[in-house]
Amino acid sequence: DALDPAFGIPTDVTFVIEDNAGGCVGEVKAHKMFLAMASPVFRTQFYGSSKDTKDVIPIKETTKEAFDAMIEFIYEVEINWETKSAVDLFYLANMASKYLIEEMGEYVKKTSETFPLTMETVVEIAATANEFC
């Protein structure tokens, strides 16, 4: 696993996941080059003409779990999509769109098409969808 320190190549960017109040809810470390190869948005952010030179980057409007899942997807870590909640799927779909990671968007779409609908999940989906509108 490339994120394991034993891999031998240290990470060079840390994403600080923030809640709506700006508080830190967690950190996710990665390699800029891996991210740039997976996403044209990250490529521009890290290697474009107005590149971001910071090693710590705040991330808002997502959860740590969803951001972790996106990084795992980029690093080709096996993801059990069926265990993702409706909230996770919304955040993952949003990030797939934001970072132009089409393949991840396809996985999210496929998973959401088979998402079990119960009264509880319908309420959760409606509340989450309302946050994104």
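Since we're looking at a predicted model, the values are computed, not measured.

Rules of the game
Residues numbered from 1 in each chain as written. Predicted model: local features only at pLDDT ≥ 70, side-chain atom pairs only at ≥ 80, totals over all residues. Heavy atoms only, no water. Axes fitted to C-alpha atoms, helices over the stretch in contact; angles between N-to-C directions. Helix = DSSP H or I, 4+ residues; strand = E, 2+ residues; numbered from the N terminus. Parallel < 35°, antiparallel > 145°, perpendicular 65-115°, else oblique. Left-handed = near helix turned anticlockwise from the far one by under 90°. Contact = heavy atoms within 4.5 Å. Nonpolar A, V, L, I, M, F, W, Y, C, P; charged D, E, K, R; others polar. Pairing = 2+ DSSP bridges.

> Teacher, can you tell me more about the packing of helix α3 (residues 64-74) against helix α4 (residues 86-98) here?
The angle between the axes and the distance between the axes are what describe a pair of packed helices. Relative to each other, α3 and α4 sit at 50 degrees, their axes nearing to 9 Å. Here α3 lies oblique to α4, going by the angle between them. Classified by chirality, the crossing of α4 by α3 is right-handed. Counting all contacts with α3, which are made through E65, A66, F67, A69 and M70, the residues of α4 involved are D88, Y91, L92 and M95. A class-by-class count of the residues in the contact of α3 with α4 yields 7 nonpolar, no polar and 2 charged.

> Hey, could you run me through the sheet that holds strand β3 (residues 56-59) in this one?
Two strands in a sheet stick together by hydrogen bonds in their backbones, pointing the same way (parallel) or opposite ways (antiparallel). Ordered by their spatial adjacency, 3 strands build an open sheet running β2-β1-β3, and the pairing between neighbours is mixed. Single-partner strands in this sheet number two, and they are β2 (24-30) and β3. The average angle at which neighbouring strand axes cross in this sheet is 25 degrees, direction not considered. In terms of strand pairing, strand β1 (residues 13-18) meets β3 through 4 bridges, oriented parallel. For F15, the partnering residue across the bridge sits in β3 and is I57. The sheet contacts of α3 involve β1, β2 and β3, and relative to β2 the element is tilted by about 5 degrees.

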